[in-house]
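# Coordinates in review
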Amino acid sequence: MNTPTRQELILATIRTAVPAAIGWLLAWLIGTIPAVAGIIATIDGILATSAPGYTVSVILTAISIGLVTALYYWVVRELGKRWPIVERFLLGSAKQPTTYVMPEGTYSTRVNGAHNE
């Protein structure tokens, strides 16, 4: 496996950071909806004694950020299959990192540090 170039690492970072930031923002916006905030507050009040030091809202926020980010990335990638320009604007780049692209029909694994196909 080739070592990625600096440009490829920057591209991979952009394509990771943009969906993560948007996922966080969307999860935060969803949490500000009064009905959602009320449900979170109710669950938090019921379960507050079961995990001292942690609130349910912190746990739910972490879970929702992960789920929203994954959903956002998947939707953008699916839209990008039909309209590649969508990826440029919603992921920060239309070009996929070359270190992530494998020829169709291949599968690689790492066994004891060795790269096998």
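Conventions adopted
- Residues numbered from 1 in each chain as written.
- Predicted model: local features only at pLDDT ≥ 70, side-chain atom pairs only at ≥ 80, totals over all residues.
- Heavy atoms only, no water.
- Salt bridge = Lys/Arg side-chain N within 4 Å of Asp/Glu carboxyl O.
- Helix = DSSP H or I, 4+ residues; strand = E, 2+ residues; numbered from the N terminus.
- Buried < 20%, exposed > 50% of the residue type's maximum accessible area, 1.4 Å probe, protein only.
- Contact = heavy atoms within 4.5 Å.
- Patch = residues over 30% accessible without salt bridge, like charges linked within 9 Å, V, L, I, M, F, W, Y side chains within 5 Å.
- Areas by Shrake-Rupley, 256 points an atom, 1.4 Å probe, with all protein chains shown as cover.
- pLDDT = per-residue confidence, 0-100.

### Brief notes about the pattern of salt bridges
Across all of its chains, the model carries three salt bridges by this definition. The closest approach of N and O atoms between arginine 15 and glutamate 87, which form a salt bridge, is 3.0 Å. With arginine 15 in helix 1 (residues 6-31) and glutamate 87 in helix 4 (residues 85-90), this pair connects stretches of sequence that are 72 residues apart. Residue classification places glutamate 87 among the buried positions, given a relative accessible area of 5%.

### A look at the side chain of threonine 69
Tracing the backbone through its elements, the reader meets threonine 69 in helix 3 (residues 56-82). Each residue touching threonine 69, except ones within four places of it in the same chain, is listed here: Pro19, Ala20, Gly23 and Trp24.

### Topic: a nonpolar patch on the surface
There is a patch of nonpolar side chains on the surface, built from Ile39, Ile43, Ile46, Leu47, Ile59, Leu60, Ile63 and Leu67 and spanning about 720 Å² of accessible area. Those elements that place two or more of their residues in the nonpolar patch are helix 2 (34-47) and helix 3. With respect to the helices and strands, the residue isoleucine 63 is situated in helix 3.

### Quick notes on the confidence of the model for the chain
Per-residue pLDDT for the chain has a mean of 75; in total, 74% of the residues score no lower than 70. Per-element averaging of pLDDT across the chain places strand 1 (residues 109-111) at the bottom with 47 and helix 4 at the top with 84.

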